[in-house]
Every structure is written in C-alpha cells, then in structure tokens.
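# Chain and residue survey
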Amino acid sequence: MKPAPFRYHLPATLQEALELLAELGDDAKVLAGGQSLLPMLGYRLTAPAHLVDIGGLSELRGWELDEAGLRIRAMARQREVELDPDIGLRFPILHAAIAHVAHAQIRNRGTVCGSVAHADPAAELPATMVALGATMVLERSGGRREVPAADFFQFHFTTAIETGELLTEVRIPSPRSGSTGTFLEISHRKGDFALVGVAATVVADGDRVAAARIVCAGVAPTPFVAVAAEQAVVGRVLDDATLLVAQYCASEGMSPTDDFHAEGAYRRQVAGVLVRRSLDVIRSQQGALSA
Amino acid sequence: MPEDPATSSGGCEVIELSFVVNGEPVTLSSDVRVSLAEILRRDLRLTGTHLGCEHGSCGACTVIVDGLAVRSCLMLAAQAQGADVETVEGLARGDELDDLQAAFREHHALQCGFCTSGFLMSLTARLREGPVVSEFQAREALSGNICRCTGYVGLVDAVLSLAADSGKEPLK
Ligand SMILES: Cc1cc2nc3c(=O)[nH]c(=O)nc-3n(C[C@H](O)[C@H](O)[C@H](O)COP(=O)(O)OP(=O)(O)OC[C@H]3O[C@@H](n4cnc5c(N)ncnc54)[C@H](O)[C@@H]3O)c2cc1C
Ligand code: FES
Ligand code: FES
C-alpha cells in the first residue's frame, strides 16, 4: 500500500512549520504520530501534495503540569501522557480515557493533540477534553487564538482548525477541589474505537453534587453533552435512585444513527447504562458522595 | 545498475535515510512514501517483519524503535531517520533462540507463524518494562496483536513460563 505522491517537509522550528503551513495552504497536511493519517494516505482517502512532519520540533514535545493545570503540547505521545504518574493522579479521567485508545503500540506513536485534531466521533479524547473543559491553542504564522473544546468540535472529523493553523497545545485547567472523574466505554474488542464512551466529572460539595459534566463519545458527530443527566444529579446525593434517573435521562436529545458497528437504539441504551456506571465509580472514588 | 521497478521512485521525492537496524548502521535512499516495514523487507531483506493489514490493526509488522514497540506499517521510513530499530532477526544469538523465542517453541505459541515476529517484538518491549506474572497481564501484553491460529492459549503459557523461570510463580 502506498500513498499518492507527496513532498515531505521536516521543519526544524515551530516558526518554520507555521510559515510552511501558511505558504502551502490547503495542499498541506500536518503529520504528527501518523496513526490516523498514514492509514488514510494508504487507502488514498486523502492525497495531500505536501506533508509537514512536526515530529522534529523539540518545542512541541512533552507537557507542562503546574498549579494552573496541564498543557499538553502537539508532539506529546498518548502513551507518555498515560504513563506519567503525576498526570494520572491529577487527571484520572484522562489516564482512563487514553488507556482505551487503540493499543500500546499505537499509543507509542499517536499524539493526544493528533487525536483531538482528527476528531473521530468515536474517539475517546475529544469527549474527554469537553468533559475537562479544555482549551485548544491554535497557532498560525503571525497569530494565535484559543478555542474552548465545546466550540472546537464541529462535525465528524471537522474542527475549528483553519487552513494554515496548527494545534500547538491542549490546555486542561486544574480540576476544582472536590472533583473526580472517570471514563468508561464499550467496544467490540479491546483497543477498538468506542461504540459508546462516557467521560464524566463531578464536583462534590459535602455529600451533594455541586456540578457535573457528562459527555458521550460515539453517539453523535461531535462529543455529546448529556445535559439532562447532568441536571438530574446536580444538587443531589448520588444514591441509587438518582443514578437510575441519570441513566434514563442520559439519552435525552441524543439520536445516534445505525451503522456497521451498532444500531442507534443500542447506542442510546448503552449510553444510559455507562452514565449510571460512571456515576457509580465516581461515588466510590469520592467517599463523601456515597449515600 | 538498471532501474529496478520495485525500488524506482516513479518520479516521487527521494530522500536519504540513515538509521541503525539490529545494531548495524544503514544508509540508503528511498521514495519518501515508503513505510519503515517496506524498507526493512524490500531494501534490507529483513523479511521476518510481516505485513498483514497495513493499517495498524493486526500487529504482524511490530518492531521496536528507540525502545518502543510500534507498527512499522504506520511509520514512514522518513520518521525513523536517526532511530535505533530492532527487528525479529535481532533476537536470536546465531542459532540460539532467545528465552522468549524458546518459550514460544516450548509452549506451542505458534502454528503458521505469520503473527509470530510481531508478538515477539511486542512482548520483548513489554518484558523490558517488567515481568508479566498474571494471566491478566499476559493477555493485556498480547492484546495489540492478532493470531488467527493458536487461540492465544499457548501464547499466554509462553509468556507466563518466563515469569516461572525467573522464580516468580505465575498467578492464574
Ligand atoms: C488500529 C488502530 C486503532 C485505533 N484505535 C483508536 C481508538 O480506539 N480510539 C482513538 O481515539 N483513536 C484510535 N486510533 C487513532 C489514534 O488514536 C491516532 O493516534 C490519533 O487519532 C491521531 O493521532 P496522531 O498523532 O497519530 O495524528 P496523525 O495521524 O499524524 O494526524 C491525524 C490528523 O490530525 C491532523 N493533525 C495531527 N496533529 C495536528 C496538530 N497538532 N495540528 C493540526 N492538525 C493536526 C493531521 O493533519 C491529520 O489530519 C487508532 C488507530 C489505529 C491505527
Ligand atoms: S501490518 Fe502493520 S499492523 Fe497489520
Ligand atoms: S500462528 Fe498463525 S496467525 Fe498466529
């Protein structure tokens, strides 16, 4: 299998990469970990004239973890982020979500930012970023802007990234005190994309839920915020009755379509079940919340 | 040398590559579109690395690059510039199988052998991170590769036998 011919560029600095992207415009694609792009090139689902490999940019490696939160740069590999114990402690939901992405061999190359930029509707990380209230930092030659995750994902494989822009960083704010979260999913086999995934975070105030963010992957073109389920838990104790109400509210407004992998009705059902289970995990993690 | 149609670039960009394979420095020029797997098989004749699906699903092409198990079908050779690459050919010392290979033979961890090199490389990288002592860990370590023949039982036994050899009792 061979991609259609392309020219390969390996910029040495971020500045150079941004100038290349500005100059080449729509004819160029960014190559990060290549774990989604290379299969697409192989099948010739895309055939850009130029590939701009950002793998050589030391400025884009790694992440910054401090009081303010976590800033994951463009070339931080999924597996590095997954294995970092400090990130796991501060952002258990991110750790749990990454562990569901493909296999270790793919996560060794795939980047967190690449998954976000690719915006597969069944991918774990876009939903997780919405649940964590992340902000995407987009840079272009001579400019930069920040887009909240909730506005970033626009449609299947479509984001706010414009021609000439590079997603240089995903910023995740420090969780509020008393907050905890988890990521659960159902997939055909381990490592497959989610049939349905649920990223849930809850902020506790005493034994009650002060705030909740519940986001589903795999049920809509973009991450689906289960607003009705969130409303069902806010201000309440997470007892079994509340969990059941959240389960039945979760799919309100959700209209997943039938596809090769599963029927829409199945996805709605599973989304509700996963919402309940994730709240169950959260109440066992956060002692005060267990009624 | 007459142009070999298998290696000619067909008018595509040609780049110079150099990296280390199984301890030996290698320098060659290639059409930039080519995957690391194809360079290994076609140019270096290291055909122990197999290509099954060529889209990341099966794991047959797994090699170790800079210490990490990766899909060589999902890496442009250009992305391996300067890297240290290990393939299945690097495991045995001459005619002597390494411990993992010997355990595969002992425990019938292969039938047709198509998947074997990929499993060996995934597991080699995994075992360097620490021992695999439970069936759960073994299945986790095997989960990124597909075998159509064995049903995985022999593979699990082979991995766990290494823990037993090291004096740790496998937890079943
Ligand atoms: C067998 C297999 C199973 C997989 N299973 C899963 C799964 O279960 N869940 C899941 O979420 N993913 C899965 N993936 C995809 C994997 O997570 C990819 O790593 C990820 O989608 C893309 O990250 P990447 O760094 O490899 O990006 P690339 O493949 O390099 O790029 C992907 C796209 O994003 C663009 N892009 C990348 N980085 C940037 C950037 N910084 N700025 C702007 N644009 C950018 C590229 O131009 C391209 O269009 C799987 C892949 C394979 C091969
Ligand atoms: S050939 Fe590379 S994963 Fe199947
Ligand atoms: S031995 Fe035949 S595929 Fe594994």
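Predicted model only: the values in this text are computed from it and were never measured. (Residues numbered from 1 in each chain as written. Chains lettered and ligands numbered in written order. Predicted model: local features only at pLDDT ≥ 70, side-chain atom pairs only at ≥ 80, totals over all residues. Heavy atoms only, no water.)

### Concerning the overall build of chain A
Note the threshold: Secondary structure follows DSSP: runs of H or I at least 4 residues long count as helices, runs of E at least 2 residues long count as strands, and numbering of each begins at the N terminus. Only protein chains enter the accessibility calculation, which uses a 1.4 Å probe; a residue whose area is less than 20% of its type maximum is buried, one above 50% is exposed, and one in between is partly exposed. By the convention used here, residues are in contact when the closest approach between their heavy atoms is within 4.5 Å. The protein chains shown are the only cover counted for residues, whose accessible areas, like all others here, come from Shrake-Rupley with a 1.4 Å probe.
When its secondary structure is counted, chain A shows twelve helices and 14 strands. Structurally, chain A occupies a C-alpha span of about 60 × 45 × 30 Å along its principal axes. Counting every position in chain A, which comprises 291 residues, the buried fraction comes to 56%. Long-range contacts, defined here as pairs at least 24 residues apart, represent 61% of the contacts in chain A between residues at least 6 apart. When the accessible area of chain A is evaluated, it comes to approximately 12200 Å², of which 50% is carbon and sulfur surface.

### Describing the domain arrangement of chain A
Residue and element names in this part refer to chain A. Convention followed: An automatic or database domain assignment supplies the residue ranges for each domain. Summed over both partners, the accessible surface that disappears when two parts come together, traced with a 1.4 Å probe, is what is meant by buried area. Each salt bridge in this description consists of a side-chain nitrogen of Lys or Arg and a carboxyl oxygen of Asp or Glu lying within 4 Å of one another.
Considered domain by domain, chain A is made up of domain 1 (7-53), domain 2 (58-173) and domain 3 (179-290). Look at where the C-alpha atoms of domain 2 and domain 3 centre, and you get two points 21 Å apart. Of the residues lining the interface, 23 residues belong to domain 2; the matching set on domain 3 comes to 22 residues. Summed over both sides, the interface between domain 2 and domain 3 buries roughly 1700 Å², with carbon and sulfur atoms accounting for 68% of that surface. Across the contact surface, domain 2 and domain 3 share zero salt bridges.

### Some remarks on the site of ligand 1
As a reminder, the rule being used: Proximity is defined per residue: any heavy atom of the residue falling within 4 Å of a molecule or strand makes that residue near it. In protein, a polar contact means a hydrogen-donor-capable atom and an acceptor-capable atom, both N or O and within 3.5 Å, with residues adjacent in sequence counting only if both atoms are side-chain atoms; elsewhere, any N or O pair within 3.5 Å suffices.
The local shell around ligand 1 holds 34 residues, among which V30, S36, L37, T111 and E124 of chain A are the closest. Neighbouring residues of ligand 1 are distributed over chains A and B. Q35 of chain A is positioned such that a nitrogen or oxygen atom in its backbone is 2.8 Å from an oxygen atom of ligand 1. A distance of 3.3 Å separates an oxygen atom of ligand 1 from a polar atom in the side chain of Q78 of chain A. In isolation ligand 1 has 960 Å² of accessible area, and contact with the protein removes 93% of it.

### Looking at the interface of chain B and chain A
To keep it simple, the criterion reads: Each residue is assigned to one class: nonpolar for Ala, Val, Leu, Ile, Met, Phe, Trp, Tyr, Cys and Pro, charged for Asp, Glu, Lys and Arg, and polar for all the others, Gly among them.
Across the contact, 27 residues belong to chain B and 26 residues belong to chain A. The contact between chain B and chain A buries some 2300 Å² in all, and 55% of this surface belongs to carbon and sulfur atoms. Residue R79 of chain A pairs with E129 of chain B through a salt bridge whose shortest N-O separation is 3.7 Å. Here chain B is connected to chain A by eight residue pairs in polar contact (both at pLDDT 80 or more). For the side of chain B that touches chain A, the secondary structure elements donating two or more residues are β4 (68-71) and α3 (116-129) of chain B. Broken down by element, the side of chain B that touches chain A gets its largest block of residues, four residues, from β4 of chain B. Partitioning the side of chain B that touches chain A into residue classes produces eleven nonpolar, eight polar and eight charged.

### Quick notes on empty space enclosed by the protein
Residues and elements named next belong to chain A. Selection rule: Using protein atoms alone on a 1 Å grid, points that fit a 1.4 Å probe yet trap it form a cavity, whereas open point sets bounded by protein on both sides within 12 Å along at least five of seven lines form a pocket; residues with an atom within 4 Å of a point count as lining. Grid points are joined across faces, edges and corners, and a volume is the space filled by probe spheres set on the points.
Using the criterion set out here, one finds two cavities of 30 Å³ or more in the structure. Roughly 140 Å³ of volume is contained in the largest cavity. Top contributing element to the lining of the largest cavity by residue count: helix α2 (residues 37-42), with three residues. Class assignment for the residues of the lining of the largest cavity results in eight nonpolar, two polar and four charged. Computed from the structure, the second largest cavity encloses a volume of approximately 50 Å³. Along the walls of the second largest cavity sit A119, D120, P121, P126, F153, F155, P221, T222 and P223, which together make up its complete lining. Among the residues making up the lining of the second largest cavity, the classes are represented as seven nonpolar, one polar and one charged. In this structure, the lining of the second largest cavity is formed jointly by two domains, domain 2 (58-173) and domain 3 (179-290), each of which donates at least three residues.

### Considerations on the pairing of strand β3 (residues 62-65) of chain B
Across a regular strand the side chains alternate sides, sitting on one face of the sheet and then on the other. Residue and element names in this part refer to chain B. Convention followed: Note on pairing: two strands pair once DSSP finds at least 2 bridges between them.
Burial of the side chains of β3 extends over both faces: T62 and I64 are buried on one face and V63 and V65 on the other. As judged from the four bridges shared by β3 and β4, these two strands associate in the antiparallel manner. The partner of T62 across the bridge, within β4, is R71. Relative to strand β5 (residues 84-86), β3 runs antiparallel, the two being bridged by two bridges. When the bridges of β5 are listed, V65 appears paired with V85.

### Observations regarding the environment of W63 of chain A
Within the secondary structure layout, W63 of chain A lies in strand β4 (residues 63-66). Residues W63 of chain A and M1 of chain A, spaced 62 residues apart in sequence, show a C-alpha to C-alpha distance of 34 Å.

### Some thoughts on the sheet that holds strand β2 (residues 24-31) of chain B
Residues and elements named next belong to chain B. Our working rule: All axes here are fitted lines through C-alpha atoms, helices being fitted over the stretch that makes contact, and every angle between N-to-C directions spans 0 to 180 degrees.
Across the sheet, which stays open at both edges, the five strands sit in the order β2-β1-β5-β3-β4 with mixed pairing between neighbours. At either margin of the open sheet sits one strand with a lone partner, and together these are β2 and β4. Neighbour to neighbour, the strand axes of the sheet diverge by 40 degrees on average, direction disregarded. Packed on one face of the sheet, α3 meets β3, β4 and β5 and runs near 35 degrees to β3.

### Section: the domain arrangement of chain B
Residues and elements named next belong to chain B. When its domains are assigned, chain B resolves into domain 1 (14-90) and domain 2 (99-165). Contact residues are listed per partner, giving 18 residues for domain 1 and 14 residues for domain 2. It is H50, I64 and V88 in domain 1 that bury the most area against domain 2; as a group they hold 36% of the surface buried on that side. The tally of links from domain 1 across to domain 2 stands at one salt bridge.

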